[in-house]
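The chain contents come next:
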Amino acid sequence: MSKAAAPPGKMLRHPAILRLIHWTHTAVTLLLALTGFYLGRPFLPPHLLRVAHVRLTHLTFATPFIATALLHLVYSLVSGSWHDLLPDRRDWRTAGCLLRYELLLAGEAPMHGKYHLLQKLLYLSFLPAVLIQGATGWALASHSTWSGSLFIRLAGDLQRVRLIHHFVALYLIATVTLHFYRVLSEPGMLVAMVTGWAAAVPPAGTPEEKATRPPHLR
Ligand code: HEM
Ligand code: HEM
């Protein structure tokens, strides 16, 4: 949607393509987590749910899992939104204040761009996590191919590959839960990732904008 179509007092925080990528990736990750943990410990009798079917579902969703992550990477590079994701000098300088805010020891987060340092580090960590999950998953699925056996040799043995796949699955579940909790605890954040719109930030230096800053930065 164009800038002119913004409702009064609103600005476009997340373009439609980013929202589409984000929610597709979320749905696929949840499906992979559910089917993956079932594969690790199947608990239903085969006449109710066949492990082979769950395995096929798990492998089917592997492709959109990798594809959406790569699409997100390409989108960030092409649109320039990677600037929102890379920590800058101000982020590192104000890291202490941010930690105090996250630990509920301070009432205001330090000034930051679209995302603050911890969000940026978390979002950036998803890319290697997805790639490691893809490589270990591929090795588990097809250990006899040259690329599968290469990943197994890199990891040590098949058991180590399975352990890494499990570890990254747990990392994703733990961090996405944390991400979900933080998103719900900041007003308007979830709505913005659904509709695209967030409250507009007033132009820098105006009294309205200064009123949104922490008191010592006004
Ligand atoms: C490109 C993505 C992925 C591929 C190719 C892949 C592939 C596989 C394969 C082939 C297996 C072994 C199935 C079997 O035992 O026959 C497996 C197991 C598993 N996957 Fe994935 N997977 C992917 C992503 C994920 C994700 C995102 C999660 C969780 C968030 C996940 C969680 C698990 C778990 C927990 C197991 C059970 C491991 C075990 O105990 O042996 N996988 N996966
Ligand atoms: C429980 C499901 C989820 C919810 C409710 C959720 C919600 C959100 C929201 C509201 C934002 C925008 C934050 C802001 O405006 O400051 C966001 C951003 C983001 N989320 Fe999620 N998310 C979920 C799952 C995931 C998953 C599974 C991943 C990846 C593994 C993920 C990766 C990201 C990334 C990378 C961004 C930054 C996007 C960018 O600007 O490029 N999210 N999420």
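Here, the structure is the one placed above.
Residues numbered from 1 in each chain as written. Chains lettered and ligands numbered in written order. Predicted model: local features only at pLDDT ≥ 70, side-chain atom pairs only at ≥ 80, totals over all residues. Heavy atoms only, no water.

1. Description of the site of ligand 1
Step number 1: Every one of the 22 residues lining ligand 1 counts as a neighbour, but R55, H58, R162, H165 and H166 are closest to it.
Step number 2: Between a nitrogen atom of ligand 1 and a side-chain N or O atom of H58, the distance comes to 2.8 Å.
Step number 3: At 2.7 Å, a side-chain N or O of R162 approaches an oxygen atom of ligand 1.
Step number 4: Elements that contribute at least two residues to the shell around ligand 1 include exactly α1 (16-40), α2 (51-79), α6 (117-141) and α8 (158-185).
Step number 5: Classifying every residue of the shell around ligand 1 by side-chain character gives 12 nonpolar, eight polar and two charged. (Near = heavy atom within 4 Å. Polar contact = N/O pair within 3.5 Å; in protein donor to acceptor, adjacent residues only side chain to side chain. Helix = DSSP H or I, 4+ residues; strand = E, 2+ residues; numbered from the N terminus. Nonpolar A, V, L, I, M, F, W, Y, C, P; charged D, E, K, R; others polar.)

2. Describing a nonpolar patch on the surface
Step number 1: Taken together, L70, L73, V74, L77, V78, W82, L86, L124 and L131 make up a surface patch of nonpolar side chains, about 790 Å² in accessible area.
Step number 2: Of all the secondary-structure elements, those providing two or more residues to the nonpolar patch are α2 and α6.
Step number 3: Take L131: it is sitting in helix α6. (Patch = residues over 30% accessible without salt bridge, like charges linked within 9 Å, V, L, I, M, F, W, Y side chains within 5 Å. Areas by Shrake-Rupley, 256 points an atom, 1.4 Å probe, with all protein chains shown as cover. Salt bridge = Lys/Arg side-chain N within 4 Å of Asp/Glu carboxyl O.)

3. Some points on the packing of aromatic side chains
Here a ring pair, both rings aromatic, is described through the centre-centre distance and the interplanar angle of the planes.
Step number 1: A full pass over the atoms with the stated rule returns two aromatic pairs.
Step number 2: Ring geometry for Y38 versus F43: centroids 5.0 Å apart, planes at 70°, classification edge-to-face.
Step number 3: Ring geometry for Y115 versus Y123: centroids 5.0 Å apart, planes at 85°, classification edge-to-face. For the pair Y115 and Y123, a shared accessibility class is recorded, and that class is buried. (Phe/Tyr/Trp six-rings, centres within 6.5 Å; stacked < 30°, edge-to-face > 60°. Buried < 20%, exposed > 50% of the residue type's maximum accessible area, 1.4 Å probe, protein only.)

4. Description of the nonpolar core
Soluble, globular proteins show a tendency: their nonpolar side chains are buried together.
Step number 1: Among the nonpolar cores identified, the biggest contains 13 residues, and F65, Y123, F126 and L172 are the most heavily contacted of them.
Step number 2: Looking at this core, the elements that each hand over two or more residues are α1, α2, α6 and α8.
Step number 3: Tallying contributions element by element places α6 first for this core, with five residues.
Step number 4: Apart from residues lying up to four places away in sequence, Y123 is in contact with L85, Y115 and H179.
Step number 5: Counting residues in each nonpolar core, the second largest holds five residues, with A139, I152, A155 and V161 among its members. (Core = buried A, V, L, I, M, F, W, Y, C linked by side-chain atoms within 4.5 Å. Contact = heavy atoms within 4.5 Å.)

5. Some details on the environment of C97
Step number 1: On the secondary structure map, C97 appears in helix α5 (residues 95-102).
Step number 2: For C97, a relative accessible area of 29% gives the class partly exposed.
Step number 3: Remark: the alpha-carbon pair of C97 and E108, spanning 11 residues in sequence, is separated by 8.6 Å.

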